[in-house]
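# Structural characterization, general
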Amino acid sequence: MHVALVSLNQRWQDKDANFSRCADFARAASSHNCELVIFPEMTLTGYLLTMDDVAESELGSVTLARFGELARDVGLAIVFGACLLDPVTHRPRNQLCLARADGTSQTIYAKIHPFSFAGEDEVFEPGGRLGTVNVGALRLGASICYDLRFPELYAAMAPVCSAAIAIANWPARRIAHWRSLLVARAIENQFFMLGVNRTGIDGNQLSYEKSTMAVSPDGALLEPLVAGEEMDIYDIDPEEAVRYRAEFPTMRDKRYTLYRDLLGHIDAE
């Protein structure tokens, strides 16, 4: 299965310009017979905490509709990030979304761990459930940026997923953490980790470097079939996770019931 990962140099708060570039990359991915293309967190705006001019209602979202139309036009699935207002609470949520080749477009996952260091917890309503979805032969788990620091989330995905996606705006000054954590999450859970980070400089003058990665279930970095300045294409074999788990079955030895009991003990204290 060919998957395109796009290290988009996002234009600050310019939805039209960013969407135009996403469309170009999606068409290029389609020409390479990709089934899926993945873009970074808050795809059309870059990472920001001022929601007045960028957040859209989840119901009737223009961004969801545009990516749905694009996915239908190019004939592949598209993962992207957006800030959408919860239809019940009307508070913004940092979302990972999926558009399919049939033109449907929906939210898959709301970021569970707001980045309190930057004040994200004061702006966004956190998610409260896992996001998993089938794309082709892959069963994908969803995560966003800061989530990567919380291994419990990925352990919860692992029994039902062959890969996990982390879309991010992860600054260059902490990029060693990003790379190490992507490898760790793959090794711990014996599945593919697809980490998609932006490049360039954002409106807060934070710098980003190309650090998008695809990691195999044994922790090895995959080499792209096609490498570009912003888009790389990988061949992901969903059966590799199945084979590796059978050969070296650490997943089988996880003790989920005990872990829940131990966490309950911490709560009691």
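Residues numbered from 1 in each chain as written. Predicted model: local features only at pLDDT ≥ 70, side-chain atom pairs only at ≥ 80, totals over all residues. Heavy atoms only, no water.

### Digging into the side chain of Ser 61
Mapped onto the elements of the fold, Ser 61 is located in the loop between β3 (56–57) and α2 (62–74). A polar side-chain atom of Ser 61 sits 3.1 Å from the main-chain amide nitrogen of Leu 64. Leave out the neighbours within four places in its chain, and Ser 61 touches Glu 56 and Leu 84. (Helix = DSSP H or I, 4+ residues; strand = E, 2+ residues; numbered from the N terminus. Polar contact = N/O pair within 3.5 Å; in protein donor to acceptor, adjacent residues only side chain to side chain. Contact = heavy atoms within 4.5 Å.)

### Focus on the side chain of His 113
Its place among the elements puts His 113 in the loop between β6 (105–110) and β7 (132–135). A polar atom in the side chain of His 113 sits 2.7 Å from the side chain of Asp 147. Setting aside its immediate chain neighbours within four residues, His 113 contacts Tyr 146, Asp 147, Phe 150 and Leu 153.

### A short note on the packing of aromatic side chains
With the rule as written, the count across this model stands at 9 aromatic pairs. Each ring, one from Phe 115 and one from Phe 117, has its centre 5.7 Å from the other, and the planes form 35°; the classification is tilted. Looking at Phe 115, the relative accessible area reads 17%, which means it is buried. Since its relative accessible area comes to 65%, Phe 117 is described here as exposed. Ring geometry for Phe 115 versus Tyr 146: centroids 4.8 Å apart, planes at 50°, classification tilted. (Phe/Tyr/Trp six-rings, centres within 6.5 Å; stacked < 30°, edge-to-face > 60°. Buried < 20%, exposed > 50% of the residue type's maximum accessible area, 1.4 Å probe, protein only.)

### Comments concerning the pairing of strand β4 (residues 77–85)
Of all 9 residues in β4, 8 are buried; the element is thus mostly enclosed. The sheet contact formed by β3 and β4 spans 2 bridges and is parallel. Within β4, the residue paired with Ser 57 across the bridge is Leu 85. Crossover connection from β3 via α2 to parallel β4: handedness right-handed. Bridge count for β4 against strand β5 (residues 92–99) is 8 bridges, and the pairing is antiparallel. Paired with Leu 85 across the bridge in β5 is Pro 92. With antiparallel pairing between neighbouring strands as the criterion, β4 and β5 make up a hairpin whose turn holds 6 residues, including His 90 at a positive phi of roughly 65°. (Pairing = 2+ DSSP bridges. Right-handed = clockwise from strand over helix to strand, strands pointing away.)

Read these as spatial facts, not as claims about activity.
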